[in-house]
Amino acid sequence: MNILVYATTFGADLLSTVRYLETKDGVQVKVILDDPESFKTEPIYQFKPIQSELIKKNLIRSWSAPRGFKADVTIMDNWVPLRKTSPKAMMLWHGCGWKGPHDVEEFKWLHRELRKNWGDTMQPNPDFIWQCYGPPDFKHRTEVSGFHPENCKLLGSASHDELREPIDKSEVQPFYPFDVINRKTLLIAPTWHYGEVFAHWGNDEQIFQSLLDYADQQGINVILRFHDSYRYDKAYVKKIKTLVAGYKNTILKFKDDHPDNLLDLQVSDILLTNFSSIASRYYATGKPALHIYPVKHEDEEFMW
């Protein structure tokens, strides 16, 4: 079987699924992604390398599978190729998130593009499946997102399988500038959806500084992970970078520069987030997660 992975963000369940598929006899996988060379510099690629060919995404590869590779199945995590790239397709959505509503109206572009390439996914369709993480996800995709129940399969989470595996921190120490073996590590990973992280409580920069000061006083490492940098105001990004530069036990990562977070999830001891989908993966580690309620009032109109 030939599997073509058409990745918007190559990481999390998509990466774990590829690693799983590579254990199967007779399965060949090729991955189309934005920047293969950048991904190869990621710690996860060096720590747990994959064998599948990584191919740079371009306009031609939005229309067809790589030359000489006859794909049986295309696995997507978000965007759909412009043309049908294989007889069958699987959607492995890029996060089990807290944001919504992911209803038929919000997904009308997705239904349209899937229909164009693989047929109507709102009706029983033998050429398409939507991967569901569990019963609540299945319920949402079938009752809210509009996908027919016969097309939705309860397959669980490949990345949760990996996150439950114990990790020897000494093996990943080379990928961090501070001591992750003898010091506790706090992972701060907010989503972009609500803008500045603490602004609803006061001055975001001052609160971040107080938090980093406290962590420094307690002898705690901080991994500060933001979403893609382009989703934030340029001035805000500059302020955060300037602030973090003053703390030797804090590192700053943006998703567009550091797309994979598996090692950060495993090496950290606690997660601080608002309503980011990273929390749904962190729960699998069994370690504590602390949520920041992201708005001042429960009835703010963009809260679903």
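Below you will find a few notes about this structure. Along each chain, residues carry numbers from 1 onward, in the same order as the chain's sequence is written. This being a predicted model, a pLDDT of at least 70 is required before a residue's local features are given, and a value of 80 or more before pairs of side-chain atoms are given or counted; all residues contribute to the totals for chains, interfaces and linings. Note: side-chain values were computed over all heavy atoms of the structure, leaving out hydrogens and water.

This brings us to helix α8 (residues 204–217). Taking 1.5 Å of rise per residue, the 14 residues of α8 would be expected to cover 20 Å, and the 20 Å separating its terminal C-alpha atoms lies within 8% of that figure. Residue exposure (1.4 Å probe, protein chains only): buried if accessible area is under 20% of the type maximum, exposed if over 50%, otherwise partly exposed. Numbered from the N terminus, helices here are DSSP runs of H or I no shorter than four residues, and strands are runs of E no shorter than two. Within α8 the residues assigned to the buried category are D204, F208, L212 and A215. Buried residues of α8, seen end-on, are gathered within an arc of 60° and therefore sit on one face of the element. Of the exposed residues in α8, those oriented more than 90 degrees away from the buried face are Q206 and Q217. Contacts from the buried residues of α8 go to β8 (185–188), β9 (221–226), α9 (234–244) and β10 (250–254). Identification of polar contacts relies on pairs of N or O atoms within 3.5 Å, with a donor-acceptor requirement for protein atoms, meaning one able to donate a hydrogen and the other able to accept it, and with residues adjacent in sequence counted only if both atoms are side-chain atoms. The residue sitting at the N-terminus of α8 and contributing the capping side-chain oxygen is N203; that oxygen lies 3.1 Å from the backbone nitrogen of E205. Among the residues trailing α8, G219 stands out with phi positive, at a value near 70°. Expected helix span is given by 1.5 Å per residue-to-residue step, counting one fewer step than there are residues. Note: the arc covers the axis-to-C-beta directions of the helix. Contact criterion: two residues are considered in contact whenever any of their non-hydrogen atoms come within 4.5 Å of each other.

Note on pairing: two strands pair once DSSP finds at least 2 bridges between them. With parallel pairing, five strands are arranged side by side in an open sheet as β10-β9-β8-β11-β12. In the strand order of this sheet, the two ends are held by β10 and β12 (289–291), each with one partner. Neighbouring strand axes in the sheet, compared pairwise and without regard to direction, differ in orientation by 20° on average. Pairing geometry for β8 and β9, over four bridges, is parallel. Residue pairing for β9: T185 is matched across the bridge by N221. Working convention: axes come from line fits to C-alpha atoms, limited for helices to the stretch in contact. Angles between N-to-C directions cover 0 to 180 degrees. Contacting β8, β9, β10 and β11 (270–273), α8 runs over the sheet at an angle of about 150° to β9. Taken strand by strand, α9 contacts β9 and β10, and its axis lies near 155° from that of β10.

It is possible for side chains bearing opposite charge to pair when their charged atoms get close. The salt bridge criterion pairs a side-chain nitrogen of Lys or Arg with a carboxyl oxygen of Asp or Glu, the two atoms within 4 Å. Within the structure shown, the criterion is met by 16 salt bridges. A salt bridge links K108 to E105; its shortest N-O distance comes to 3.2 Å. The pair formed by K108 and E105 is uniform in burial state, with each residue classed as exposed. Each of R19, K48, E162 and E165 takes part in salt bridges that share partners, so that together they form one network.

Turning next to the nonpolar core. Residues belong to one nonpolar core when they are buried, are Ala, Val, Leu, Ile, Met, Phe, Trp, Tyr or Cys, and are joined through side-chain atoms within 4.5 Å. Ranked by internal contacts, the top residues of the largest apolar core, which has 39 residues, are V5, F10 and I75. Of all the elements in the fold, those that place two or more residues in this core are β1 (2–6), α1 (12–21), β2 (28–33), α3 (43–47), β4 (73–76), α10 (262–267) and α11 (278–282). Beyond its immediate stretch of four places on either side in the chain, V5 contacts L14, V18, V29, K30, V31, I32 and I75. With 21 residues, the next largest nonpolar core counts I55, F107, L114 and C152 among its residues.

Attention now goes to the pairing of β4. Side-chain alternation along β4 places V73 and I75 on one buried face and T74 and M76 on a second face that is also buried. Where β1 meets β4, four bridges bridge the pair, whose relative direction is parallel. Looking at β4, one finds that L4 is bridged to T74. Bridge count for β4 against strand β5 (residues 88–91) is four bridges, and the pairing is parallel. From the neighbouring strand, I75 faces β5, where its bridge partner is M90.

The geometry of an aromatic ring pair is captured by two quantities: the separation of the ring centres and the angle between the planes. Pairs were defined over the aromatic rings of Phe, Tyr and Trp, the Trp ring being its six-membered one, requiring ring centres within 6.5 Å. Orientation was assigned from the angle between planes: stacked under 30 degrees, edge-to-face over 60, tilted for the rest. Per the stated rule, a full pass over the model turns up 19 aromatic pairs. Here F226 and Y232 contribute two aromatic rings whose centre-to-centre distance is 5.3 Å and whose plane-to-plane angle is 90°, an arrangement assigned as edge-to-face. Taken as a pair, F226 and Y232 share a single burial class, namely buried. One aromatic cluster in this structure is built from F198, W201, F208, F226, Y232, Y236 and F254. Directly above the aromatic system of Y6 lies the positively charged group of K57, at a separation of 4.6 Å from the ring centroid. Only when the NZ of Lys or the CZ of Arg is both within 6 Å of the ring centre and within 35 degrees of the ring normal is a charge said to sit over the ring.

Summarising the sheet, β5 and strand β6 (residues 128–132) pair through three bridges and their orientation is parallel. Paired with A89 across the bridge in β6 is F128.

Position of H160 relative to the elements: it lies in helix α6 (residues 158–163). Taking relative accessible area as the criterion, H160 reaches 18% and is therefore assigned buried. Leaving out residues up to four positions away in the same chain, H160 has contacts with S280, R281 and A284.

Attention now goes to a nonpolar patch on the surface. Together, L59, W63 and L82 make up an exposed nonpolar region whose accessible area comes to about 290 Å². Tracing the sequence through the fold places L59 in the loop between β3 (53–56) and β4. We classify L59 as exposed; its relative accessible area is 60%. Without a salt bridge and with relative accessible area above 30%, a residue can belong to a patch; like charges are then joined within 9 Å and nonpolar side chains (Val, Leu, Ile, Met, Phe, Trp, Tyr) within 5 Å. For the area figures, the Shrake-Rupley method with a 1.4 Å probe applies, and any residue is considered shielded solely by the protein chains shown.

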